[in-house]
Amino acid sequence: MPPEAQEKLEELQDLQETAQKVAQQKGQAETALNDAQTALDALEDVDEDAGMYREVGEILVETDYESASDDLEEKVDSLEVRVEQLNKQEERVQQQFESLQEELQQLLQGGAGGGPAGGMGGPGGPGAGGA
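Quick summary incoming for the structure in this document. Source: prediction; values computed, not measured.

**A look at the overall build of the chain**
Next up, step 1: Within the chain one finds three helices and two strands.
Next up, step 2: Along the chain direction, N to C, the helices and strands of the chain fall in the order α-β-β-α-α.
Next up, step 3: Taking all 131 residues of the chain together, 26% fall into the buried category.
Next up, step 4: Restricting the contact set of the chain to residue pairs at least 6 apart, pairs at least 24 apart contribute 71%.
Next up, step 5: Looking at the chain as shown, the accessible area adds up to about 8900 Å², and 45% of this sits on carbon and sulfur atoms.

**A word on the pattern of salt bridges**
Next up, step 1: Evaluation of the coordinates by the stated rule reveals three salt bridges.
Next up, step 2: Two residues, E103 and K8, come together in a salt bridge whose shortest N-O distance is 2.7 Å. With a gap of 95 residues between them, E103 in helix α2 (residues 65–112) and K8 in helix α1 (residues 3–43) connect regions that are remote in the sequence.
Next up, step 3: Since its relative accessible area comes to 33%, E103 is described here as partly exposed.
Next up, step 4: D71 is the salt-bridge partner of R54, the closest N and O atoms lying 2.3 Å from each other.

**Focus on the nonpolar core**
Next up, step 1: Judged by nonpolar contacts, the single largest core of 14 residues is most densely connected at L33, L43, M52 and V76.
Next up, step 2: Breaking this core down by element, the ones donating at least two residues are α1 and α2.
Next up, step 3: Broken down by element, the residue count for this core peaks at seven residues, all from α2.
Next up, step 4: Residues within four places of M52 in sequence aside, it is in contact with L43, V46, D47, V61, E62, T63, Y65 and A68.

**Structural notes on the pairing of strand β2 (residues 59–63)**
Next up, step 1: Pairing of strand β1 (residues 52–56) with β2 involves five bridges; the strand directions are antiparallel. Its bridge partner lying in β2, Y53 is registered against E62.
Next up, step 2: A loop of two residues connects β1 with β2, the two strands running antiparallel in sequence, and G57 in this loop sits at a positive phi of about 65 degrees.

**Remarks on the layout of surface pockets**
Next up, step 1: Here the largest pocket is characterised by a volume of approximately 330 Å³.
Next up, step 2: If you go around the largest pocket, you meet 15 residues; those closest to its centre are A39, R54, A68, D71 and L72.
Next up, step 3: Where the lining of the largest pocket is concerned, the elements lending two or more residues are α1, β1 and α2.
Next up, step 4: With five residues, the single largest contributor to the lining of the largest pocket is α1.

**Let's talk about α1**
Three or four residues apart is the spacing at which side chains of an α-helix point the same way, because the helix has 3.6 residues per turn.
Next up, step 1: The end-to-end C-alpha separation of α1 is 60 Å, in line with the 60 Å expected for 41 residues at 1.5 Å each.
Next up, step 2: Among the residues of α1, those classed as buried are A5, K8, L9, L12, L15, V22, K26, A29, L33, A36, L40 and L43.

**Structural notes on the environment of L43**
Next up, step 1: Here L43 is to be found in helix α1.
Next up, step 2: Linking L43 and L72, residues 29 residues apart in sequence, is a C-alpha distance of 9.3 Å.

How each quantity is defined
Every chain is numbered on its own, with residues counted from 1 as its sequence reads. In keeping with the model being predicted, local features are shown solely for residues with a pLDDT of at least 70 and side-chain atom pairs are shown and tallied solely at 80 or more, while totals for entire chains, interfaces and linings include all residues. Hydrogen atoms and water are omitted, and side-chain values are computed over all heavy atoms in the structure. Under the scheme used here, helices are H or I runs from DSSP no shorter than 4 residues and strands are E runs no shorter than 2 residues, and both carry numbers assigned from the N terminus. The cut-offs for exposure are 20% and 50% of the maximum accessible area for each residue type, with area from a 1.4 Å probe on protein chains only; residues under the lower value are buried, those over the upper are exposed, and the others partly exposed. Whether two residues are in contact is decided by their heavy atoms, any of which lying within 4.5 Å being enough. In short, Shrake-Rupley with a 1.4 Å probe defines the accessible areas, and a residue's cover is counted only from the protein chains shown. Throughout this description, the term salt bridge denotes a Lys or Arg side-chain nitrogen within 4 Å of a carboxyl oxygen of Asp or Glu. What we call a nonpolar core is a set of buried Ala, Val, Leu, Ile, Met, Phe, Trp, Tyr and Cys residues that are connected through their side-chain atoms within 4.5 Å. Paired strands, in this sense, are two strands between which DSSP finds at least two bridges. With a 1 Å grid spanning the protein atoms alone, the term cavity applies to any set of points in which a 1.4 Å probe fits but cannot get out, the term pocket to an open set with protein on both sides within 12 Å along at least five of seven lines, and the term lining residue to any residue with an atom within 4 Å of a point. Grid points are joined across faces, edges and corners, and a volume is the space filled by probe spheres set on the points. A helix is expected to span 1.5 Å for every residue after the first.

This is the structure we're talking about:
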């Protein structure tokens with residue numbers, strides 16, 4: 001395999017790891033967003049005079065309805081922005097992956113008559129096929 005192709009293959013592997021990390025972060029952010037949204041929705045059914053507590057580390061601290069609502073709304077807004085950022089990052093990584101995969105296939109087809117390209121395209125295919 002030509003040195004250029006080896007470098008591209010290593011870059012592809014790095015991008016694949018990055019894509020997995022971004023997907024994991026996105027999943028965690030989406031879960032946190034869903035939890036915060038569920039809590040905010042549940043808060044709408046609570047009497048504003050009801051006693052409330054919020055978790056701070058290992059303890060519960062008394063809070064009021066307005067503070068709880070404001071905090072949850074802020075958390076939801078922040079998590080929505082985070083999920084959006086991760087979506088964009090995921091798209092960029094996917095585009096880079098596909099572009100790099102094309103470059104690698106061209107290198108292998110041009111330099112080796114297309115024989116190894118089938119072998120390289122196989123593992124890369126499922127990684128790029130998620131979009």
